[in-house]
Amino acid sequence: MARLLGAAMLIVAASANGSCCKKCDLPLVKYYSVDVAHGFCGEACMDPKRFFLYKKFEANLTLVDDKNPGCSGQYAPDGTHYTDYDSTVTHGDPLKILSVTLDLYAPTGMPVHTCCTTPLPIVGPLMCIHKPKKMTIRGTGPYCCPADATEEEPCKKEATIKEPAKEITTDELLAIKEPAKEATTDELLAIKDPAKEVITDELPGTCAKTGACGLVYQACCAGFVAKGYPCGCHLKDGNGTSTSDCGTCGSVYSICCAGYAAKGYPCTCDIGVGGQSSLVV
């Protein structure tokens, strides 16, 4: 269903609320589409009256019924089925004229490959910056991946992120300092308050005007944070470029900015290893 993106510049927002589409409530019904290039099968609840419209942009879109089972009944290139729930995302154009929320399923046992990117037409070279290795993963792809990627372990750095984080002691918390001042007890307690907004990496030169694409980047990162994969890049003043290997959310940001720039509204932020990241945790 990711080919729906081909209609316009794509915005991807990851959801932290879990699956959306295991069961559809009337008048919505379930449709699926296999996207071998991206390595996923998507399931979405859609209004049948709009099926003809979505079908124009997603040729593989199929109604789930007795003859056509959903993703779990579809064969992946390696002979398995699309059984492993990956994420729930919203695909659409920056103006939200055409968008759909869907559950993505990967082939059974598919290795984590969120560090890799499936290049889109025209903007493909931009998406593959800092990802020099072109490869397939269990028959899906092709992808642009980090130089040290292998088919069995595409994202070596992300594998370490999945290890259980050690518990931080009180002494270690007290040792945390903000630039030019020591954190107070109240500030430390605020970090653990789920209703507070946390600003991380607050450095000089943070982006003054986040803009629509900046908000999309932050929403994308929020979804990945909920799954245990925090973004390593942050927003800072610039013109919409990515100065580092900023993963899937960084690629989405670059594509979004390219779309707005074509309409005469260039982005005013870059993303890189320094800057501001604002997330609700």
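Now for a quick tour of the structure. (Residues numbered from 1 in each chain as written. Predicted model: local features only at pLDDT ≥ 70, side-chain atom pairs only at ≥ 80, totals over all residues. Heavy atoms only, no water.)

**Description of the overall build of the chain**
Okay, so step 1: When its secondary structure is counted, the chain shows seven helices and 14 strands.
Okay, so step 2: Within the chain, buried positions represent 41% of all 281 residues.
Okay, so step 3: Taking the contacts inside the chain whose residues are at least 6 apart along the sequence as the reference set, 68% of them involve residues at least 24 apart.
Okay, so step 4: For the chain, the computed accessible surface area is about 15200 Å², with 59% contributed by carbon and sulfur atoms. (Helix = DSSP H or I, 4+ residues; strand = E, 2+ residues; numbered from the N terminus. Buried < 20%, exposed > 50% of the residue type's maximum accessible area, 1.4 Å probe, protein only. Contact = heavy atoms within 4.5 Å. Areas by Shrake-Rupley, 256 points an atom, 1.4 Å probe, with all protein chains shown as cover.)

**Quick word on the pattern of salt bridges**
Okay, so step 1: This model, assessed by the stated rule, comprises three salt bridges.
Okay, so step 2: As a salt-bridge pair, Glu-43 and Lys-30 come within 3.6 Å of each other at their nearest N and O atoms. Of this pair, Glu-43 sits in strand β3 (residues 40-46) while Lys-30 sits in strand β2 (residues 29-35); the two residues are 13 residues apart in sequence, bridging distant segments of the chain. With respect to class, Glu-43 is no different from Lys-30; both count as buried. (Salt bridge = Lys/Arg side-chain N within 4 Å of Asp/Glu carboxyl O.)

**What about the side chain of Asp-103?**
Okay, so step 1: Turning to its location among the elements, Asp-103 is positioned in strand β6 (residues 99-107).
Okay, so step 2: For the buried Asp-103, which has no salt bridge, the nearest side chain bearing the opposite charge is Lys-30, at an N-O separation of 6.8 Å.
Okay, so step 3: Here the side chain of Asp-103 touches Cys-20 through a polar contact of 2.9 Å, landing on its backbone nitrogen.
Okay, so step 4: Engagement of the side chain of Asp-103 in a polar contact is seen with the backbone nitrogen of Cys-21, the distance being 2.8 Å. (Lys, Arg positive; Asp, Glu negative; His and termini not counted. Polar contact = N/O pair within 3.5 Å; in protein donor to acceptor, adjacent residues only side chain to side chain.)

**What about the state of the cysteines?**
Okay, so step 1: For the structure on display, the rule yields 12 disulfides.
Okay, so step 2: With its sulfur 2.1 Å from that of its partner, Cys-41 forms a disulfide with Cys-71. Disulfide Cys-41 to Cys-71: torsion about the S-S bond roughly -80 degrees, handedness left-handed. Taken together, the positions of Cys-41 in strand β3 and Cys-71 in the loop between β4 (62-63) and β5 (82-92) put the pair 30 residues apart, joining distant regions of the chain.
Okay, so step 3: Between the sulfur atoms of Cys-128 and its disulfide mate Cys-144 the distance is 1.8 Å. Because the sign of the S-S torsion sets the handedness, a value of about 60 degrees for the bond joining Cys-128 and Cys-144 places this disulfide among the right-handed ones. Of this pair, Cys-128 sits in the loop between α2 (124-127) and β7 (133-137) while Cys-144 sits in strand β8 (residues 140-145), and the two are 16 residues apart along the sequence.
Okay, so step 4: Given the relative accessible area of 1%, Cys-144 is considered buried. (Disulfide = S-S within 2.5 Å.)

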